[in-house]
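One-letter residues, chain by chain:
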Amino acid sequence: MSSETALAGERRARGLAPFLRSQMRNIAPFLTLIFLSGFFAFASPSFATLDNLGNILTQVSVTGIIAVGLTFVILCAEIDLSIASIANVTGIAVAYFTLQESYVNIANIPLPGAVAIILSILLCALLGLVNALGLTVIGIPSFIMTLAMMQIAAGISALLVRGQIAYKVPSLITTLGSGSIAGIPWLVIVAAVMLLGGHLVLTYTRFGRYVYMVGGNREAAEYSGLNVKLILGSVMVISAVCSGIGGMLGVAHFGSAQQNEFDTYLLDSIAAVVVGGTSLFGGRGGIGNTIVGLFVLGVLNNGLDHVNIDSFLKILIRGLILLAALVINVYAQRLREKTAA
């Protein structure tokens, strides 16, 4: 009887090992989050509080909004390097179309709030459409196309504000970016709604299944009759619109619109998606992984502030964690290919 039990245990172990290897991309970020949370809670009594949890949620909200669209892009095995610049130009545009105070030295065009918001969203959608056309019609690799768009959007931002700072945005954007309801910031609510919406689209809609198909095996998707170029173009536009929404709310949250305000959000958004476990090779991951990645980055950044670590060392630690996530990502892909072979 004992030998049969031992044999059964050995079979379970053999069956468990491939499962753990296949799920390493999902398990590693979750374990990292638990470790970081436990470490900072032990190192600083002020870390493990409800108030600080609210701080973390607020700090990652703009990144989360931008990362929703980027998740779609990376699931298709593409990249969008223009997200931060598009967020910046959209935030500047919504301020440019809003009446500023007399001391703001910007020759802008004041419009009604609703019109300003619509024009700003149309602007980011247009920039996303240019990315889409460059990728799907001309055939420019997404890395190069979005790198060019990064400069184009930065140039538009510079032309609109010319080195000046704008402060006022439409009242709706001000409320969503800096207001709260029942003690919960609207910014957190908007981020949660967009993350949930992205998850539902990817999980329960035909479009979401197409995104995974394109990322998992593009040739097979084409042979099955799927319009791959339309899917790729769509995710580039989705990424730009999510970036634009994040940019508008971010401007309201920070209290100003100026050049280069969102530069750090490029690395933060990519890190959130990749650290969370979404495959850079496409077809694996999703919004759930992005949420875990957001919490890993949020806990790390917030926790390092609580232990009063050197700000320069903080940058180094973030880079090392991103590198570790990339190593796990590549290693998991190799295991996947080895198992398939």
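The structure presented is a predicted model; accordingly, all values stated were derived computationally and were not measured.

Trainee: Tell me what's going on with the packing of helix α4 (residues 83–96) against helix α11 (residues 228–254), and back it up with residues and numbers.
Mentor: Between α4 and α11, the least distance of the axes is 7 Å, while the angle of their chain directions is 50°. It follows from the interaxial angle that α4 and α11 lie oblique. In the packing of α4 onto α11, the handedness of the crossing is right-handed. Contacts from Ile83, Ile86, Ala87, Thr90, Gly91 and Val94 of α4 reach α11 at Ser239, Ala240, Ser243, Gly244, Gly247, Met248 and Val251. Classifying every residue of the contact of α4 with α11 gives 7 nonpolar, 6 polar and no charged.

Trainee: I'd like a rundown of the UniProt feature "transmembrane region" (unreviewed entry) in the protein chain, residues and numbers included.
Mentor: Mapped onto this numbering, the UniProt entry gives "transmembrane region" (unreviewed entry) at residues 30–50, 56–74, 81–99, 111–130, 137–161, 181–205, 226–250 and 312–332. This span, residues 30–50, is 71% helix and 0% strand, and a straight line between its end C-alpha atoms measures 20 Å. Counted over residues 56–74, helix gives 100% and strand 0%. Its end C-alpha atoms are 25 Å apart.

Trainee: How would you summarise the packing of helix α3 (residues 50–75) against helix α8 (residues 186–204) if you had to cite specific residues and measurements?
Mentor: Axis separation between α3 and α8 bottoms out at 8 Å; the angle between their running directions is 20°. If you check the angle between α3 and α8, you find them roughly parallel. Like other packed secondary-structure pairs, α3 and α8 cross with a definite hand, here left-handed. Two secondary-structure elements touch here, α3 through Leu57, Thr58, Ser61, Val62, Gly64, Ile65, Val68, Thr71, Phe72 and Leu75 and α8 through Leu187, Val188, Val190, Ala191, Met194, Leu195, Gly198, Val201 and Leu202. Taken together, the residues that form the contact of α3 with α8 break down as 14 nonpolar, 5 polar and no charged.

Trainee: Could you give me a rundown of the pattern of salt bridges, with the residues and numbers involved?
Mentor: Should their charged atoms come close, side chains of opposite charge can pair. For the structure on display, the rule yields 1 salt bridge. Taking the shortest distance from any N to any O, the salt bridge between Arg218 and Glu78 comes out at 3.0 Å. Taken together, the positions of Arg218 in helix α10 (residues 218–223) and Glu78 in the loop between α3 and α4 put the pair 140 residues apart, joining distant regions of the chain. What makes Arg218 partly exposed here is its relative accessible area of 27%. When its relative accessible area of 13% is taken as the criterion, Glu78 is described as buried.

Trainee: Break down empty space enclosed by the protein for me, citing the residues and quoting the values.
Mentor: Under the defined criterion, the tally for this structure stands at 1 cavity of 30 Å³ or more. Lining the largest cavity we find Ile92, Ala95, Tyr96, Gln100, Ile106, Asn108, Val161 and Ala166. Sorting elements by how many residues they give to the lining of the largest cavity places α4 first, with 3 residues. When grouped by side-chain class, the residues that make up the lining of the largest cavity number 6 nonpolar, 2 polar and no charged.

Trainee: Mind laying out the packing of aromatic side chains, listing which residues take part and the relevant values?
Mentor: As enumerated under the stated definition, the model contains 9 aromatic pairs in all. Here the aromatic rings of Phe40 and Phe47 are separated by 5.7 Å at their centres, their planes lie at 45°, and the arrangement is tilted. On the basis of relative accessibility, which here comes to 2%, the residue Phe40 falls in the buried class. Taking relative accessible area as the criterion, Phe47 reaches 7% and is therefore assigned buried. With centroids separated by 6.4 Å and ring planes inclined at 25°, the aromatic side chains of Phe72 and Phe207 adopt a geometry described as stacked. Of this pair, Phe72 sits in helix α3 while Phe207 is found in helix α9 (residues 206–216), placing the two residues 135 residues apart along the sequence. Judged by relative accessible area, Phe72 falls into the buried class, the value being 3%. Relative accessible area serves as the criterion here: at 22%, Phe207 is assigned to the partly exposed category. A network of ring pairs unites the aromatic residues Phe35, Phe39, Phe40 and Phe47 as a single cluster.

Criteria and thresholds
- Residues numbered from 1 in each chain as written.
- Predicted model: local features only at pLDDT ≥ 70, side-chain atom pairs only at ≥ 80, totals over all residues.
- Heavy atoms only, no water.
- Axes fitted to C-alpha atoms, helices over the stretch in contact; angles between N-to-C directions.
- Helix = DSSP H or I, 4+ residues; strand = E, 2+ residues; numbered from the N terminus.
- Parallel < 35°, antiparallel > 145°, perpendicular 65-115°, else oblique.
- Left-handed = near helix turned anticlockwise from the far one by under 90°.
- Contact = heavy atoms within 4.5 Å.
- Nonpolar A, V, L, I, M, F, W, Y, C, P; charged D, E, K, R; others polar.
- UniProt positions renumbered as here; feature names shortened; annotations may be inferred.
- Salt bridge = Lys/Arg side-chain N within 4 Å of Asp/Glu carboxyl O.
- Buried < 20%, exposed > 50% of the residue type's maximum accessible area, 1.4 Å probe, protein only.
- 1 Å grid on protein atoms, 1.4 Å probe; cavity = no way out; pocket = protein on both sides within 12 Å on 5 of 7 lines; lining within 4 Å.
- Points joined across faces, edges and corners; volume = space filled by probe spheres on them.
- Phe/Tyr/Trp six-rings, centres within 6.5 Å; stacked < 30°, edge-to-face > 60°.

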